[in-house]
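Coordinate inspection notes
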Amino acid sequence: MREKHYRRVLVTGGAGFLGSHLCRRLLKDGHDVLCVDNFYTGSKDNIADLLGNARFELLRHDITFPLYVEVDDIYNLACPASPVHYQFDPVQTTKTCVHGSINMLGLAKRVKARILQASTSEVYGDPVQHPQTEAYWGHVNPTGIRSCYDEGKRCAETLFSDYRRQYGLRVKIARIFNTYGPNMHPDDGRVVSNFIMQALAGQPITLYGDGEQTRSFCYVDDLIEALVRLMNSPDDVNGPINLGNPHEISMRDMAQRILAITGSKSELCLRPLPADDPARRCPDISMAAHLLQWQPSVHVDQGLRQTVQYFENRFFSPGGTHGHRDAATAAR
């Protein structure tokens, strides 16, 4: 007979940045984990240490196609999450958000599983409300270059909400703000990975605009704890719920922190601001604090030190997984 706490858990996008950490956490908690990924942005290196675990299973699959498995919980994390990757094939990005959600919701409906959607702060667009609460409807360009992701995730939230209302599914929606930590993709164009790769390579640190636009950065361990708490919350806690760090940091400040930690002599380089890039992004996490008894605990400098160490060991150490990388490619 199965232990009461034991769950069969499907993690889509399980070989990605967040997914790999989530798989590791679920295994630590004693669950069986089915990791599904098409490896568009995910990497087998992120989960290589899990392959020998008898409770871990890996399946190459694209969730825009139906999946037939028996599980108790579904974490739907599959989707490229950085502008570099989701803008490369915007039609496929929208399909992943919409068709992928329909397929995973259909699976949850069939097997009566709980299902959590990894939504995003991008649903708020370039917000005029600060900080952003879950009640804010956002300020989004529906036809811009970021719309495939922004509107795709908004549509996914609609689908999850309607499956709950129409079919009684036990759904959870997490609006994830900027998250950083080990296993980030080195070429994803995101702030932390870009700055670290450029600093370690001795290249100029690229700032867009004047560098005073702000983001909030949550360390990955804190974010994974929040996702697990949300999945295990009562069935009437559906979300959307903001998950992130409510402390705002400017891009210039983040660059200076990374330069200090790495000891790099890289200079700051200003470039034009990309289209539809939000000036400010910061979550109000009152709902998460109340319903999940959660708030981030890892200070940004502590998280950055661990992240820098990961990048140094993996990409710049002679004994690392990849050895020395071409700096121009790594920091593009």
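Everything that follows concerns the structure shown earlier in this document.
Reading the values: rules and limits
- Residues numbered from 1 in each chain as written.
- Predicted model: local features only at pLDDT ≥ 70, side-chain atom pairs only at ≥ 80, totals over all residues.
- Heavy atoms only, no water.
- Helix = DSSP H or I, 4+ residues; strand = E, 2+ residues; numbered from the N terminus.
- Expected span 1.5 Å × (residues − 1).
- Buried < 20%, exposed > 50% of the residue type's maximum accessible area, 1.4 Å probe, protein only.
- 1 Å grid on protein atoms, 1.4 Å probe; cavity = no way out; pocket = protein on both sides within 12 Å on 5 of 7 lines; lining within 4 Å.
- Points joined across faces, edges and corners; volume = space filled by probe spheres on them.
- Axes fitted to C-alpha atoms, helices over the stretch in contact; angles between N-to-C directions.
- Parallel < 35°, antiparallel > 145°, perpendicular 65-115°, else oblique.
- Left-handed = near helix turned anticlockwise from the far one by under 90°.
- Contact = heavy atoms within 4.5 Å.
- Nonpolar A, V, L, I, M, F, W, Y, C, P; charged D, E, K, R; others polar.
- Core = buried A, V, L, I, M, F, W, Y, C linked by side-chain atoms within 4.5 Å.

**Focus on helix α1 (residues 17-28)**
- Helix length check: α1 (12 residues) gives 17 Å between terminal C-alpha atoms against 16 Å at 1.5 Å per residue, within 8%.
- Of all 12 residues that make up α1, nine are buried, and the element is covered over most of its length.
- Every buried residue of α1 is accounted for by Phe17, Leu18, Gly19, Ser20, His21, Leu22, Cys23, Leu26 and Leu27.
- Directly after α1, the chain includes Gly30, whose backbone phi takes a positive value near 95°.

**Some remarks on the environment of Leu77**
- Inspection of the secondary structure puts Leu77 in the loop between β4 (73-76) and α2 (83-86).
- The exposure class assigned to Leu77 is buried, which follows from its relative accessible area of 10%.
- Sequence separation of Leu77 and Met197 is 120 residues, and the distance between their C-alpha atoms is 25 Å.

**Description of the layout of surface pockets**
- The volume enclosed by the second largest pocket comes to roughly 250 Å³.
- What lines the second largest pocket is a set of 17 residues, among which Arg154, Glu157, Thr158, Arg175 and Pro240 lie closest to the centre.
- When contributions to the lining of the second largest pocket are tallied by element, the ones reaching two or more residues are α4 (147-167) and β6 (171-176).

**So, the packing of helix α7 (residues 251-262) against helix α9 (residues 300-316)**
- Where α7 contacts α9, the axes come no closer than 10 Å and their chain directions differ by 55°. One finds that α7 runs oblique with respect to α9. For α7 against α9, the interelement crossing comes out right-handed. Of the residues in α9, those touching α7 at Met254, Arg257, Ile258, Ile261 and Thr262 are Val300, Asp301, Leu304, Arg305 and Val308.
- Its residues assigned to classes, the contact of α7 with α9 comprises six nonpolar, one polar and three charged.

**With respect to the nonpolar core**
- Formed by 62 residues in total, the largest nonpolar core has its most connected members in Tyr75, Leu227, Leu243 and Met254.
- The biggest single contributor to this core is helix α6 (residues 220-231), with eight residues.
- Not counting chain neighbours up to four residues away, the residues in contact with Met254 comprise Val191, Val192, Phe195, Phe217, Ile249, Val300 and Leu304.
- Of all hydrophobic cores here, the second largest spans 28 residues; its members include Leu10, Cys79, Tyr86 and Phe160.

**Topic: unusual backbone geometry**
- Between His130 and the following residue, Pro131, the backbone shows a cis peptide bond with an omega angle of -15°.
- The topology assignment puts Pro131 in the loop between β5 (114-120) and α4.
- With a phi angle near 60°, Phe39 is a residue other than glycine that sits in the positive phi range.
- Relative to the helices and strands, Phe39 resides in the loop between β2 (32-37) and β3 (56-60).
- Given the relative accessible area of 16%, Phe39 is considered buried.
- The backbone of Lys112 sits at a positive phi, close to 60°, despite the residue not being glycine.
- Take Lys112: it is sitting in the loop between α3 (90-111) and β5.

Just geometry here; none of it tells us what the structure is for.
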